[in-house]
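# Overview (structure and organization)
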Amino acid sequence: NAGVTQTPKFQVLKTGQSMTLQCAQDMNHNSMYWYRQDPGMGLRLIYYSASEGTTDKGEVPNGYNVSRLNKREFSLRLESAAPSQTSVYFCASSEGQGREQYFGPGTRLTVT
Amino acid sequence: QKEVEQNSGPLSVPEGAIASLNCTYSDRGSQSFFWYRQYSGKSPELIMSIYSNGDKEDGRFTAQLNKASQYVSLLIRDSQPSDSATYLCAVSSGGSYIPTFGRGTSLIVHP
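Described below are features of the structure shown in this document.

Conventions we followed
- Residues numbered from 1 in each chain as written.
- Chains lettered and ligands numbered in written order.
- Predicted model: local features only at pLDDT ≥ 70, side-chain atom pairs only at ≥ 80, totals over all residues.
- Heavy atoms only, no water.
- Pairing = 2+ DSSP bridges.
- Helix = DSSP H or I, 4+ residues; strand = E, 2+ residues; numbered from the N terminus.
- Axes fitted to C-alpha atoms, helices over the stretch in contact; angles between N-to-C directions.
- Salt bridge = Lys/Arg side-chain N within 4 Å of Asp/Glu carboxyl O.
- Buried < 20%, exposed > 50% of the residue type's maximum accessible area, 1.4 Å probe, protein only.

Further remarks concern the sheet that holds strand β3 (residues 19–25) of chain A. Residues and elements named next belong to chain A. Judged by pairing direction, the sheet is antiparallel, and its 4 strands sit side by side in the order β1-β3-β8-β7 without closing on themselves. Sheet topology places β1 (4–7) and β7 (64–68) at the edges, where each strand pairs with a single neighbour. Strand after strand, the sheet turns through a mean of 15 degrees between neighbouring axes, direction not considered. Bridge count between β7 and strand β8 (residues 74–78): 5 bridges; the pairing is antiparallel. For N65, the partnering residue across the bridge sits in β8 and is R77.

Right under this line is the structure:
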């Protein structure tokens, strides 16, 4: 089992460019999440998907969109990147809501 | 707003000692509690979950939950330098069940 995988591992964007972060899990989990982690701010939830076919906003959704492509895959899109979106992005999955989360290795994004 | 508070540290302990990490939370309706370990530059890794009052042991780790006092703690026995990391507390409440994370406590175990 690979667990939770994320691509890419690193990315540098210029302001205004767009990109999609990919996440996949092979644990047959129902719920998936996108977080960003900034120094001194801890993990902040961007969007989550409680189950296939549903998505909901988290604490910091502005500037992002998500797609739950199927039960395995949950992507995060930045339509017009801004320097404030420089961060480390983690995808996570859980069997269901309120259960243990398992994290992917992260994507380190820099927007210049 | 649901809050999860942790002392940022660093907490420094000698090798072989017991490290005690604490976490308090604001929502009395909280039902699920998790401890994660995060090494520098890596992703959070689940250590333990606890759902009911009392102690739960797993190897050198013990999670303690006291819902009346709204705190959860993690004890690491026989601390090793490899335990040096940031420890994140996460608390999940009824309703959306989305966990709220604390900002983490940095633990340093020195030889």
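Still more ground to cover, so stick around.
Once that is clear, we can look at the pattern of salt bridges. All names here are of chain A. Under the criterion given, the structure shown has 8 salt bridges over all chains. Here R36 makes a salt bridge to D38, at a shortest N to O gap of 2.9 Å. An identical accessibility class is assigned to R36 and D38; each is buried. Within this structure, R36, D38 and R44 form a network of salt bridges that share partners.

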